[in-house]
Amino acid sequence: MGRNKYPEQTQERIVEASIKLFIEKGYEQTTIQDILDALNLSKGGLYHHFKSKEEILEAVKQKRAQYAADMLHDLIDNTKAANAKEKLKKILYQWGASTQTHSFDTILSSQSNNPHFVLGALQNAVNQDAPIISKLIEEGVKDGSIQTAEPALCAEIFLLLLNFWTSPVLFKRNLDETKKRLSYLQSLMCLLGLDIIDNEFIENIAGSYDKTGMF
């Protein structure tokens, strides 16, 4: 077989096919042979890009992080609202309703006991997503729609609690337990001056978890 002229395209095809299989069969149940069969690819063709299934999963994790960041930037650019607080509420609602994001999370849930993956997700939340949310909070402070003294710290606390503490996957919680923690997070953020969680958001994100089989 000749040298692949488009290695990045082949790598992307491997990742996309793997995502589909991981969602359909589960990460643990998907074999390298399943991926090869789906792509009609030789072992050499796959191992040229990824040495193992674990490396493919790492690429899936990176793709999820990039997808979430791109989606967040797109929502910020295209969401219109009367003030920054209402804009942030709309963005969070759409972000939480994203079936694509939750599909990625379904795959990565198999790694909820893997410290490397959990740490990476924590770092992404603090280093990548929190600064974006912080800017919106700062806009809210300026226009008077948000009252909080530390926008950057508030954004970090909010994302860490929303993405991890309320997660039904990390702590093996059911729907009622998850809703209870989302409601408590709602009260806590009000105390911090960031009252951006409402009952509709709680029902929406809990429903998204339910649809993707996280309970």
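Because the structure is predicted, anything quoted here is derived from the model rather than measured.

Reading guide: rules and limits
- Residues numbered from 1 in each chain as written.
- Predicted model: local features only at pLDDT ≥ 70, side-chain atom pairs only at ≥ 80, totals over all residues.
- Heavy atoms only, no water.
- Helix = DSSP H or I, 4+ residues; strand = E, 2+ residues; numbered from the N terminus.
- Buried < 20%, exposed > 50% of the residue type's maximum accessible area, 1.4 Å probe, protein only.
- Contact = heavy atoms within 4.5 Å.
- Areas by Shrake-Rupley, 256 points an atom, 1.4 Å probe, with all protein chains shown as cover.
- Expected span 1.5 Å × (residues − 1).
- Bend = angle between axes of the 7 residues up to and from the residue.
- Phe/Tyr/Trp six-rings, centres within 6.5 Å; stacked < 30°, edge-to-face > 60°.
- Lys NZ or Arg CZ within 6 Å of the ring centre and 35° of its normal.
- Core = buried A, V, L, I, M, F, W, Y, C linked by side-chain atoms within 4.5 Å.
- Axes fitted to C-alpha atoms, helices over the stretch in contact; angles between N-to-C directions.
- Parallel < 35°, antiparallel > 145°, perpendicular 65-115°, else oblique.
- Nonpolar A, V, L, I, M, F, W, Y, C, P; charged D, E, K, R; others polar.

Regarding the overall build of the chain
Then comes step 1: Regarding its fold elements, the chain presents ten helices and zero strands.
Then comes step 2: Judged by the C-alpha coordinates and their principal axes, the chain covers about 65 × 35 × 25 Å.
Then comes step 3: Each of the 215 residues in the chain was classed as buried or not, and the buried ones make up 46%.
Then comes step 4: When contacts within the chain are restricted to residue pairs at least 6 apart in sequence, those whose partners lie at least 24 apart make up 66%.
Then comes step 5: With the model as given, the accessible surface of the chain reaches about 11700 Å², and the carbon-plus-sulfur share is 51%.

Notes on helix H7 (residues 115-143)
Then comes step 1: With 29 residues, H7 extends 40 Å from end C-alpha to end C-alpha; this agrees with the ideal 42 Å at 1.5 Å per step.
Then comes step 2: The principal kink in H7, of about 45 degrees, is found at alanine 130, preceding the proline proline 131 by one to four residues.
Then comes step 3: For H7, the full list of buried residues reads Phe117, Gly120, Ala125, Asp129, Ala130, Ile132, Ile133, Ser134, Leu136, Ile137 and Gly140.
Then comes step 4: Looking at the residues trailing H7, positive phi occurs at glycine 144, about 85 degrees.

Details of the packing of aromatic side chains
Then comes step 1: What the rule picks out here adds up to two aromatic pairs.
Then comes step 2: Look at phenylalanine 22 and tyrosine 27: their rings are 5.1 Å apart centre to centre, the planes differ by 75 degrees, and that puts the pair in the edge-to-face class. Comparing phenylalanine 22 with tyrosine 27 shows no difference in burial state: the two are buried.
Then comes step 3: Consider the rings of tryptophan 165 and tyrosine 184, whose centres lie 6.3 Å apart with planes at 65 degrees: the pair is edge-to-face. Of the two residues, tryptophan 165 is situated in helix H8 (residues 151-165) and tyrosine 184 in helix H9 (residues 175-191); the sequence distance between them amounts to 19 residues.
Then comes step 4: Taking the relative accessible area as the measure of exposure, tryptophan 165 reaches 29% and is therefore partly exposed.
Then comes step 5: Sitting above the plane of the tyrosine 27 ring, lysine 53 keeps its charged end 4.3 Å from the centroid.

Here's the deal with unusual backbone geometry
Then comes step 1: With a phi close to 55 degrees, asparagine 40 is a non-glycine residue in the positive phi region.
Then comes step 2: Its location among the elements puts asparagine 40 in the loop between helix H2 (32-39) and helix H3 (43-47).
Then comes step 3: Positive phi values are uncommon outside glycine, yet lysine 172 reaches one of about 55 degrees.
Then comes step 4: By the secondary structure assignment, lysine 172 is in the loop between H8 and H9.

A closer look at the nonpolar core
Then comes step 1: Among the nonpolar cores identified, the biggest contains 33 residues, and Leu88, Trp95, Ile133, Phe158, Leu194 and Ile197 are the most heavily contacted of them.
Then comes step 2: Contributing elements (two or more residues each) for this core: helix H4 (53-78), helix H5 (84-96), H7, H8, H9 and helix H10 (199-211).
Then comes step 3: Looking at this core element by element, the count peaks at six residues for H8.
Then comes step 4: Apart from the residues within four sequence positions on either side, leucine 194 is in contact with Leu88, Ile137, Ile146, Cys154, Phe158 and Met189.
Then comes step 5: Core analysis: the second largest hydrophobic core is formed by 21 residues, Ile19, Phe22, Val60 and Ile107 among them.

Details of the packing of helix H1 (residues 7-25) against H4
Then comes step 1: Relative to each other, H1 and H4 sit at 90 degrees, their axes nearing to 10 Å. Considering their axes alone, H1 and H4 lie roughly perpendicular with respect to each other. Contact residues: Glu12, Ile14, Val15, Glu16, Ser18, Ile19 and Phe22 in H1; Lys53, Ile56, Leu57, Ala59, Val60 and Lys63 in H4.
Then comes step 2: Classifying every residue of the contact of H1 with H4 gives eight nonpolar, one polar and four charged.

Purely geometric numbers; function is a separate question.
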